[in-house]
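Below, each chain spelled out in residue letters.
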Amino acid sequence: MLTLLLTLLTPGCSQADKVADDSAPVEGDADSDADGDSDSDADGDSDSDSDSDADPPEAKLVLNELLAGNKSGATDEAGQQEDWIELVNIGDAAADLTGWSLTDSFGEKDPWPLPELQALNPGERLLIWADEDLDDGALHTDFKLSGDGETLSLLDAEGEIADEVTFPALNDDEAYARLPDGEGPWDLSDTPTPGATNE
Ligand SMILES: [Ca+2]
Ligand SMILES: [Ca+2]
Ligand SMILES: [Ca+2]
Ligand SMILES: [Ca+2]
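Values in this document were obtained by computation on a predicted structure and should not be read as measured data.

**Thoughts on the sheet that holds strand β6 (residues 151-155)**
Two pairing modes exist for strands in a sheet, parallel and antiparallel, and in both the strands are linked by backbone hydrogen bonds. Spatial ordering of the open sheet is given by β4-β3-β6-β7, a layout of 4 strands whose pairing is antiparallel. The two strands at the open ends of the sheet, each matched to only one other strand, are β4 (112-113) and β7 (161-166). Bridging between strand β3 (residues 101-103) and β6 involves 3 bridges; their strand directions are antiparallel. Within the sheet, the bridge partner assigned to Ser101 lies in β6 and is Leu155.

Written out as structure tokens, the structure is:
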């Protein structure tokens, strides 16, 4: 009785599994052609002749190099070896310096105004003496740079900080400079380049 029951059930199970297995592959092929090439031509050339999307030329004036202990380097108009600061315009339009200023004491005293020169062209540099000798000329600040290190700030016409560097203690005749020139991070340099590309 029991044997007969098992005999009857066993073939039944096998047959049921077989049916299930056969049905699976049929469903598996159903989606294979979805997502063809239908989107490939979207977004054609529609923007190609609109120059108004390009960024307009812009000036970008940055602090580029400084020297805080000048013992055997460049001399100013008075024949004196003084601290100096180099600015460069790394933008692609002329920089108007009107209203811009420099300070080693941001927020503590009035900044020293940059002279109203002709605009600084792209790639052009400006060498400023930090010697407290206002009588030496227009490019002489009312502060010096400390060889022990301090913070130098370049302020725009609104008095906002356009660029700033905190330099460490520097040896005599050792510069602190952006490397590569204009764009790079600041680093110590044994080859000061006042008014020229940083090395
Ligand atoms: Ca100094
Ligand atoms: Ca001087
Ligand atoms: Ca100072
Ligand atoms: Ca330089």
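Back to the write-up after that little detour.
**Considering the sheet that holds strand β8 (residues 175-178)**
Spatial strand order, β5-β2-β1-β8-β9: 5 strands in an open sheet with antiparallel pairing. Edge positions in the open sheet fall to β5 (125-130) and β9 (186-189), since each of these has one partner strand only. Pairwise comparison of adjacent strand axes, ignoring direction, gives a mean angle of 30 degrees for this sheet. Examined bridge by bridge, β8 and β9 share 4 bridges and lie antiparallel to one another. Pairing of Ala175 across the sheet is with Ser189, part of β9.

**As for the pairing of β8**
Side chains Ala175 and Ala177 of β8 all project onto a buried face; the interleaved residues Tyr176 and Arg178 project onto the opposite face, where all are buried too. Summarising the sheet, strand β1 (residues 61-67) and β8 pair through 3 bridges and their orientation is antiparallel. Across the sheet, the residue bridging to Leu66 is Tyr176, located in β8.

The rules we used
Residues numbered from 1 in each chain as written. Chains lettered and ligands numbered in written order. Predicted model: local features only at pLDDT ≥ 70, side-chain atom pairs only at ≥ 80, totals over all residues. Pairing = 2+ DSSP bridges. Helix = DSSP H or I, 4+ residues; strand = E, 2+ residues; numbered from the N terminus. Axes fitted to C-alpha atoms, helices over the stretch in contact; angles between N-to-C directions. Buried ≥ 20, exposed ≤ 12 C-beta atoms within 10 Å, placed from the backbone.

Nothing here speaks to function; it is all geometry.
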